[in-house]
Amino acid sequence: MSSPSPAKEEAKASAAAGAAATSSTENDATIAMAFQAVEKLTTLFGFDPILAETAVNEVGPDVTTAYNWILDQGVDDKGGPVIPLLSCPHVDAHCRVNVETIDLGLECTHYQDGGNRRDEGTPNRGGKSVIDDHTGSCPSGENWVCLECNAIRCSRYVNGHAVSHWEDTKADAVDARQEELDRSGDSLNDGDDTAPDNPDTAGHCIAVSLADLSVWCYECGAYLKSPKLEQIVKRLEVLKFGPDADAADKDIVNVDDDEAAKDEITSRNIVSETTSRSNDNNSYGHDAEIGATSIGEGDYDSDSSSDSENIAIEDLGVRHPHMPSNLLEMAKFISSPACRSIVILAGAGMSTAACIPDFRSSGGMYETLDPDLLTASDVEREAMRVDPTTVFERNMFLQNSLPCLELKRSFILGTRDQKWRATLAHRFVELLHTKTGKLTRLFTQNIDGLEGQCTDLPREKVVAVHGSMDQASCEMCGEIGDFDEFCKEVEEKIKDISKTDDSAPEISTPILCKMCGCATVKPSIVLFRSNLPREFYDRAREDLPTADLLIVVGTSLTVSPANTLVYRAPSTTLRLVVNNEPVGSRLGIQYGPESSRDFFAQGFCDNVFLELMDHLGWLKDIAHDKLPEASASLLRERIARASAEKNNVSGS
């Protein structure tokens, strides 16, 4: 790995200086803005320094405007972000879709709607429009939904029908306004009817991306954020990630690529089929019907006929031949030859005994966040006040990585120092592998990395669905870094907003990637509005069809695509649910006497797995000194009780 070359740095400095010196009458603030704009366009967005200088000279030092000017010249988007505009004048007049009826179609409907006056739309980067011969529509790619008329149009990287939809509706609005003024003897040129803040001639200027749920105003040339728009975004999150996604106990919101989105249709059809079959026999039809509105975001490429067959077997009420009635019988099944492959899906409950700080609950980080403590601009701080989760959004991180690192500083260093320890639930997973060899995969939704403390659990057995805190990587280029070196830089460069570390610096400075030179190094967690790791989809597709037992541990099962594992398991798979309360009914999990393959072990995860390990004879293999105190206390009590029972038997 190498640092950016001195020549490139010199070129950037020269370009910035040239942009800053465009006028001898400019004040210091304007000069500084120009310099910073060129610096961001080159360092953060990766554009050529001369191109960045030209953009700033042409349109001024506003990064958003300069960024869009560069894209309009036909330069490839480098993936850089912009901070959203909080006061768009067009939202009230041009955001008219009903949150309950907003569409989530997967194809551009430009040709189905009869096209528009630009037969070829705005040409893509290849210079001409392309049509998918199979669908007769635009090829798959990023699509946008018009928030005025619900039209679905493709992005500039496909055929550009989204922008042409705005241009056409704007032209129509201008014509209509001119006709109105002609009748009164006035002219558009007499007033400011075409000004950017005039909603009458703006056309259908606001749209939301179905890729990352960002909202864009074509008239303002900026991404937007407002309370009214948040209602729509939250509705789309429900459609993409499943009902109750907003209330889920999650650290990350994920949007995967278009290829994965195609399989949403398969997932939705499978659950819908469950609904229709279940309604016939008055089983769990209501819950399944709710689930049918959820769009799973997997990329399984599975044979839908096999899923239909599995559903049919389950609906016929055929009881699994090894269906247990208690944990002792479950332990016997795990030890039996009939159980050869075990898959585990884990959520926050698995780590409860470790006492890791909670972000979402009352008194958590999101509720107590004070943006004024963070190294951020006024605009960035305001965005965080509007929505505290903004601090962990990918766009924000790429724009300014310091707020995220400042908030995560104690968590990063605590992970390195093993301030929180793997629980009994984690040790069960480790022993399941070492004792039986039957663990196929642990899919964990947690980012705490506690499973990494289980040294006998191979890394390849774990899929961190939302990433992990115990690794470091660059968000911009993907380079994997040394975690200990990263932690050392966090200690030396990132200030402690909690004021508990006297050795921390007073001012934060960026941590640069040794490969690309960008200030985008972070723990290897999946940021809000980012893609899930490809490994999740690949392993899920490989592991679930042959699973004999699926263990669901401490998760609300409200976050897709992780929750899709529940109904991807074949009907021959037993499902063990370990949780304080029933979950997943809308996904097909059945509770009570009518359940044919689902066993509910109600209680705290550590308590349940301690009992299960006792039945399996594994208690002697658990090291007390490696457990958090809550787990160690449970283990000591269990061993003492077992010893007392043994003495009573021998005494009698």
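Shown above is the structure to which this text applies.
Parameters at a glance
- Residues numbered from 1 in each chain as written.
- Predicted model: local features only at pLDDT ≥ 70, side-chain atom pairs only at ≥ 80, totals over all residues.
- Heavy atoms only, no water.
- Pairing = 2+ DSSP bridges.
- Helix = DSSP H or I, 4+ residues; strand = E, 2+ residues; numbered from the N terminus.
- Contact = heavy atoms within 4.5 Å.
- Axes fitted to C-alpha atoms, helices over the stretch in contact; angles between N-to-C directions.
- Left-handed = near helix turned anticlockwise from the far one by under 90°.
- Nonpolar A, V, L, I, M, F, W, Y, C, P; charged D, E, K, R; others polar.
- Phe/Tyr/Trp six-rings, centres within 6.5 Å; stacked < 30°, edge-to-face > 60°.
- Buried < 20%, exposed > 50% of the residue type's maximum accessible area, 1.4 Å probe, protein only.
- Lys NZ or Arg CZ within 6 Å of the ring centre and 35° of its normal.
- Arc of directions from axis to C-beta.
- Polar contact = N/O pair within 3.5 Å; in protein donor to acceptor, adjacent residues only side chain to side chain.

Trainee: Looking at this structure, I do not really get the sheet that holds strand 11 (residues 521–525). What am I missing?
Mentor: Paired through their backbone hydrogen bonds, the strands of a sheet run either parallel or antiparallel. The three strands are arranged 10-9-11 in an open sheet whose pairing can be described as antiparallel. Of all the strands in the sheet, the pair left with one neighbour each is strand 10 (480–481) and strand 11. Contacting strand 9 (467–474), strand 10 and strand 11, helix 17 (residues 483–493) runs over the sheet at an angle of about 85° to strand 9.

Trainee: Is there a simple way to explain the packing of helix 16 (residues 424–436) against helix 20 (residues 605–616) in this structure?
Mentor: The geometry of a pair of packed helices is captured by two quantities: the angle between their axes and the separation between those axes. Contact pair helix 16 / helix 20: the axes reach a minimum separation of 8 Å and the direction vectors enclose 35°. Considering how the two elements wind past one another, helix 16 and helix 20 form a crossing that is left-handed. Along the contact surface, helix 16 presents L424, A425, R427, F428 and L431, while helix 20 presents C605, D606, F609, L610, L612, M613 and L616. Its residues assigned to classes, the contact of helix 16 with helix 20 comprises ten nonpolar, no polar and two charged.

Trainee: Would you mind going over the side chain of E430 with me for this structure?
Mentor: Tracing the backbone shows E430 in helix 16. Those residues in contact with E430 that sit more than four places away from it in its chain are C454, T455, D456 and L457.

Trainee: What is the right way to look at the packing of aromatic side chains in this model?
Mentor: Here the distance between the centres and the angle between the planes together describe a pair of aromatic rings. As enumerated under the stated definition, the model contains nine aromatic pairs in all. Centre to centre, the rings of W166 and Y218 are 5.4 Å apart; their planes meet at 15°, and the pair counts as stacked. Of this pair, W166 sits in helix 6 (residues 161–184) while Y218 sits in the loop between strand 4 (215–217) and strand 5 (222–224), and the two are 52 residues apart along the sequence. Here W166 falls in the buried class, since its relative accessible area comes to 14%. The interplanar angle of 90° and the centroid separation of 5.3 Å between the aromatic rings of F411 and W420 together place this pair among those described as edge-to-face. Pair check on accessibility: F411 and W420 agree, each one buried. Here the aromatic residues F428, F609 and W618 are joined through ring pairs into a cluster of three or more. When the ring centre of F392 is taken as origin, the NZ or CZ atom of K408, which lies over that ring, is 5.0 Å away.

Trainee: Explain helix 11 (residues 327–335) to me, please; I cannot follow it from the model alone.
Mentor: Side chains that are three or four residues apart share a direction in an α-helix, a result of its 3.6 residues per turn. Every buried residue of helix 11 is listed here: L327, M330, A331, F333 and I334. Seen along its axis, helix 11 keeps its buried residues to an arc of 160°; they face one direction. Turned more than 90 degrees off the buried face of helix 11, the exposed positions are K332 and S335. Each element contacted by the buried residues of helix 11 is listed here: strand 6 (342–346), helix 16, strand 12 (549–553), strand 13 (574–579), strand 14 (598–602) and helix 20. For helix 11, the N-terminal cap is N326; the gap from its side-chain oxygen to the backbone nitrogen of L328 is 3.1 Å.

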